[in-house]
Amino acid sequence: MITLMMLLAGILSPDAGYDQVSAAPVQPTEVVQTAQYASSTPDQGIRIATAVAEPSVSDAVYEDHHHTYSTLNGVSLEDSKADLLHKLGKPAEITQTQAGYTEYRYDDLTVGLMDDGLIYYISVPVKAGAVELDGQHIALNKQEITRALGTPQFTADDGEGYNNDFYAFKVFTDPDTGHIVSADIFDVWSQ
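Quick summary incoming for the structure in this document. (Residues numbered from 1 in each chain as written. Predicted model: local features only at pLDDT ≥ 70, side-chain atom pairs only at ≥ 80, totals over all residues. Heavy atoms only, no water.)

## A closer look at the nonpolar core
Alright, step 1. Formed by 27 residues in total, the largest nonpolar core has its most connected members in Leu72, Val111, Ile122, Leu133, Ile145, Leu149 and Phe169.
Alright, step 2. Secondary-structure elements contributing two or more residues to this core are strand 6 (102–106), strand 7 (109–113), strand 8 (119–125), strand 9 (130–133), helix 4 (142–149), strand 13 (167–173) and strand 14 (180–187).
Alright, step 3. Discounting chain neighbours no more than four positions away, the residues touching phenylalanine 169 are Tyr69, Leu72, Leu133, Ile145, Leu149, Phe154, Glu160, Gly161, Tyr162, Ala183, Asp184 and Ile185.
Alright, step 4. The next biggest cluster of nonpolar side chains, apart from the first, holds 6 residues, and it includes Met114, Tyr120, Tyr121 and Phe186. (Core = buried A, V, L, I, M, F, W, Y, C linked by side-chain atoms within 4.5 Å. Buried < 20%, exposed > 50% of the residue type's maximum accessible area, 1.4 Å probe, protein only. Helix = DSSP H or I, 4+ residues; strand = E, 2+ residues; numbered from the N terminus. Contact = heavy atoms within 4.5 Å.)

## Concerning the side chain of lysine 170
Alright, step 1. Looking at the secondary structure, you find lysine 170 in strand 13.
Alright, step 2. Residue contacts for lysine 170: discarding those within four places in its chain leaves Phe154, Ala156, Asp158, Gly159, Glu160, Gly161, Ser182, Ala183, Asp184 and Phe186.

## Topic: the sheet that holds strand 12 (residues 159–163)
One key point about sheets: their strands pair by backbone hydrogen bonds, in either a parallel or an antiparallel sense.
Alright, step 1. The strand order across the open sheet built from 8 strands is 5-6-7-8-14-13-12-11, with neighbouring strands paired in antiparallel fashion. Whereas interior strands pair on both sides, the edge strands pair on one side only; in this sheet they are strand 5 (93–96) and strand 11 (154–156). Pairwise comparison of adjacent strand axes, ignoring direction, gives a mean angle of 20° for this sheet.
Alright, step 2. Note: strand 12 against strand 13, 5 bridges, orientation antiparallel. Residue pairing across strands places asparagine 163 opposite alanine 168, the latter belonging to strand 13.
Alright, step 3. Contacts from helix 3 (residues 81–88) reach strand 6 and strand 7 within the one sheet, and its direction differs from that of strand 6 by about 10°. (Pairing = 2+ DSSP bridges. Axes fitted to C-alpha atoms, helices over the stretch in contact; angles between N-to-C directions.)

Laid out in structure tokens, this is it:
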């Protein structure tokens, strides 16, 4: 144990004679990197430690995403109620859901708001024909969605979708027919 502590102290020591920590920001990588560090003490000779860094699963997931899943048809999950009203104006209808959300309903868009005025979800019905997800136009059919986003990352009885650990894009389907009902984005952490 003492040998290990001495080895680590020698590797991390500012007096080791060379810089070992770069000031560059850490970036996820897909290759395995190996580095060797040498340390010596007068009584123990030279010790070599090898460090191997491999990318984490979350790094690979974030690199594969081309979408943040945060903006649908010009409305962002990060918008406030005031931002929504500024962008789209007064909704055609305001309703209260059984789950306790306030829905602002526009012609081809429904926005669910929490009590604090933050947006929880944005839903586009299939009758709209297409969505603009993070600036990309996508027709509301399974082939076009798969072409644009790849294989769905999750499936459920009522649809399938994609997520990035913060926001999700889900294509809701009728459980009996499999036909698309709507395309929604939502905050996966809000309850």
